[in-house]
Amino acid sequence: MKTKKSEKLYQQGLEHLVGAVNSPVRAFASVGGNPLFIDKAKGSKITDVDANEYIDLVLSYGPMILGHRHKKVQKAITKATKKGYSFGASTKDEIKLAKIVCDAFPGMDKVRFVNSGTEAVLSAVRLARAYTSKSKIIKFSGCYHGHMDALLVAAGSGLATLSLPGSKGVPDEAVKNTLIAEYNNLDSVQKHIDENKDIAAVILEPVGGNMGVVIPQDDFLVKLKELCNANGILLIADEVMTGFRSKFGGAQELFNVEADITCLGKVIGGGFPVGAYGARNEIMEMVAPLGGMYQAGTLSGNPIAMASGIATLSELKKQDPYANFNVVAEKIKSSLLKSGKKYNVDLVVNRFGSMINPFFTKDEVTDFSSAQKSDTDKFGVFFWEMIKNGVFLPPSQFEAWFLSSALSESDIEKIEKAIDASIKKVSE
Ligand code: PLP
């Protein structure tokens, strides 16, 4: 496999970019080797600067659910660029995207668009505090909610990848109101409630995606919501990853739970920088200009991003790929398990809709500590062999793989073959 051009760009990138990347997980630190530089992508495939083509299971960490450069999305974006790039004033498309989003999530009467998942979450936390006049937030270890100070503790994603407990530069005061509970463990939430009177909200990824895929068990979400209701605590569902991915109405639709505040991102921008938070009217009316909770953004509701979001969600609604995602993901899961057995490699596969990943461990993975028992060296070997066999994966044991509706039958066969070769390699 040729990587000469990527290697050269990596060396050049080191001069003015930190680690030659703009987001830490892209650095390939936990799988060894240097990052591949991408030239272009189309449909289910992504191509690096050395002209190696891969089936893309990263999909920009989720947003590209229709595959790359879907023709309807491309058309909508091109049309929008002809009208202007940013106005700092309201547009019709913001109303249109807001309606699509609010119709999909019954718990949302109103939504506010921002520019990233991080912004959505930090605004949602501020809103929960404003609405309840309380300060403390419960989060779950292994859940990642973007890089706001207060939630950058016991977090998954890049922190898990790089084995960092938290971030330098976050002062103690910023996390003193953050309480950590264990995913799938209601007792750990109850304990905080018993010991603290000042809890504004519980925030979680309704399905874990940033410690690898971790699924809520035994009505965890329903019972968590009941616990919140009984104690005057708001439930914030961070559906930045799961929104429109697992089901049009996100994990909340699938598990029949209605959060008080929902955070969105990724898919709703179809590859452009968009985040959103929303809730029922009485909560959203706290937000400026209606209420006293301030939050703003120069580029929020950007017209190109809105056009991309509208086209992506409209096409997604039309395609309704969710049943097929289950079929494809199940095939991939079976291949992983079959090859694991064949080559005597211990692995557990968690899958939720179109999010899936193997953990190189023997025991069930139900929370962050069980995920962390995985053998990351084995994952590194697996990752590079998948790359050599033409499948692009997130370079971390603790990131979900994503499926797009652009995957063809032959792509799936190629993925299955790559899995077999890569697990064989792990066993050697
Ligand atoms: N919340 C979740 C669940 C995420 O997965 C992410 C990003 O991966 C974020 C929040 C932060 O979103 P962004 O990277 O757009 O700031």
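Residues numbered from 1 in each chain as written. Predicted model: local features only at pLDDT ≥ 70, side-chain atom pairs only at ≥ 80, totals over all residues.

Per an unreviewed UniProt entry, the protein carries the name Glutamate-1-semialdehyde 2,1-aminomutase and comes from Urechidicola vernalis. What the UniProt record of the protein gives under Catalytic activity (unreviewed entry) is the line "(S)-4-amino-5-oxopentanoate = 5-aminolevulinate". Note on the protein: under the UniProt heading Pathway (unreviewed entry), the record states "Porphyrin-containing compound metabolism; protoporphyrin-IX biosynthesis; 5-aminolevulinate from L-glutamyl-tRNA(Glu): step 2/2." (UniProt positions renumbered as here; feature names shortened; annotations may be inferred.)

Draft legend 1. Looking closely at the overall build of the protein. Check the secondary structure of the protein and you find 15 helices and 14 strands. At 21 Å, the protein has a C-alpha radius of gyration in line with the 22 Å of a compact globule built from 428 residues. Its C-alpha atoms give the protein principal-axis dimensions of roughly 60 × 55 × 45 Å. A buried classification covers 52% of the 428 residues belonging to the protein. Looking at the protein alone, contacts between residues at least 24 apart form 75% of all its contacts between residues at least 6 apart. (Helix = DSSP H or I, 4+ residues; strand = E, 2+ residues; numbered from the N terminus. Rg over C-alpha atoms; globule rule 2.2 N^0.38 Å. Buried ≥ 20, exposed ≤ 12 C-beta atoms within 10 Å, placed from the backbone. Contact = placed C-beta atoms within 7 Å.)

Draft legend 2. Structural view of the sheet that holds strand 8 (residues 234–238). Strand order in the open sheet formed by seven strands is 4-10-9-8-7-5-6, and the pairing between neighbours is mixed. Only two strands of the sheet have a single partner each, and these edge strands are strand 4 (110–114) and strand 6 (178–181). The mean inter-strand angle of the sheet, taken between neighbouring strand axes irrespective of direction, is 20°. Across three bridges, strand 5 (residues 136–140) lies against strand 7 (residues 199–204) in parallel orientation. Its bridge partner lying in strand 7, Ile137 is registered against Ala201. Packing of helix 3 (residues 92–104) onto the sheet brings it into contact with strand 4, strand 9 (261–264) and strand 10 (275–279), and relative to strand 4 it is tilted by some 120°. (Pairing = 2+ DSSP bridges. Axes fitted to C-alpha atoms, helices over the stretch in contact; angles between N-to-C directions.)

Draft legend 3. Representation of the packing of helix 14 (residues 376–388) against helix 15 (residues 409–427) in the model. It is the contact of helix 14 with helix 15, at a shortest axis distance of 8 Å, that shows an interaxial angle of 140°. Our classification of the angle between helix 14 and helix 15 gives oblique. Remark: the crossing between helix 14 and helix 15 carries right-handed chirality. Residues Lys378, Val381, Phe382, Glu385 and Met386 of helix 14 form the contact with helix 15, whose participating residues are Ala418, Ala421, Ser422, Ile423, Lys425 and Val426. In terms of residue class, the contact of helix 14 with helix 15 is made up of seven nonpolar, one polar and three charged. (Parallel < 35°, antiparallel > 145°, perpendicular 65-115°, else oblique. Left-handed = near helix turned anticlockwise from the far one by under 90°. Nonpolar A, V, L, I, M, F, W, Y, C, P; charged D, E, K, R; others polar.)

Draft legend 4. Geometry of the pairing of strand 1 (residues 38–42). Summarising the sheet, strand 1 and strand 2 (residues 45–48) pair through four bridges and their orientation is antiparallel. Bridge pairing in strand 2 places Lys40 opposite Thr47. The antiparallel pairing of strand 1 with strand 2 creates a hairpin that spans two residues between the two strands, and Gly43 there sits at a positive phi of about 60°.

Draft legend 5. Layout of the site of the ligand. Surrounding the ligand, one finds 17 residues, the nearest of these being Ser116, Gly117, Thr118, Gly146 and Val240. At three residues, helix 4 (residues 117–132) tops the list of elements feeding residues into the shell around the ligand. Its residues assigned to classes, the shell around the ligand shows five nonpolar, ten polar and two charged. (Near = placed C-beta within 6 Å.)

Draft legend 6. Quick peek at the nonpolar core. Of all hydrophobic cores here, the largest spans 129 residues; its most connected members are Val202 and Ile236. Mapping this core onto the domain boundaries places at least three of its residues in each of domain 1 (4–65 + 321–427) and domain 2 (71–318). Setting aside its immediate chain neighbours within four residues, Val202 contacts Ile138, Val189, Leu224, Cys228, Ile233, Leu235 and Ile236. (Core = buried A, V, L, I, M, F, W, Y, C linked by C-beta atoms within 7 Å. Domains from an automatic or database assignment.)

Draft legend 7. Just the domain arrangement of the protein, in detail. Each domain of the protein was delimited in the assignment, giving domain 1 (4–65 + 321–427) and domain 2 (71–318). The gap between the C-alpha centroids of domain 1 and domain 2 is 25 Å. The interface is formed by 29 residues belonging to domain 1 together with 31 residues belonging to domain 2. Mapped onto the side of domain 1 that touches domain 2, the elements with two or more residues apiece are strand 11 (348–352), strand 12 (355–359) and helix 13 (368–371). The element contributing the most residues to the side of domain 1 that touches domain 2 is strand 12, with four residues. Residues belonging to the side of domain 1 that touches domain 2 are distributed by class as follows: 16 nonpolar, ten polar and three charged.

Draft legend 8. View of the sheet that holds strand 14 (residues 401–402). Strand order in the open sheet formed by three strands is 11-12-14, with antiparallel pairing between adjacent strands. This sheet does not close on itself; its edge strands, each paired only once, are strand 11 and strand 14. Note that strand 12 and strand 14 share two bridges and pair antiparallel. In the strand pairing of strand 14, Met355 is matched with Phe402.

Draft legend 9. Quick peek at the confidence of the model for the protein. In the predicted model, the protein carries a mean pLDDT of 96, and 98% of its residues have values of at least 70. Our summary of model confidence lists the complex with pTM equal to 0.96 and ipTM equal to 0.99. (pLDDT = per-residue confidence, 0-100.)

Draft legend 10. Seen up close, the UniProt feature "modified residue: N6-(pyridoxal phosphate)lysine" (unreviewed entry) in the protein. Following the UniProt record, the feature "modified residue: N6-(pyridoxal phosphate)lysine" (unreviewed entry) maps to Lys266 here. Following the sequence through the fold, Lys266 ends up in the loop between strand 9 and strand 10. Setting aside residues up to four positions removed in sequence, Lys266 forms contacts with Gly62, Pro63, Gly117, Val240 and Met241.

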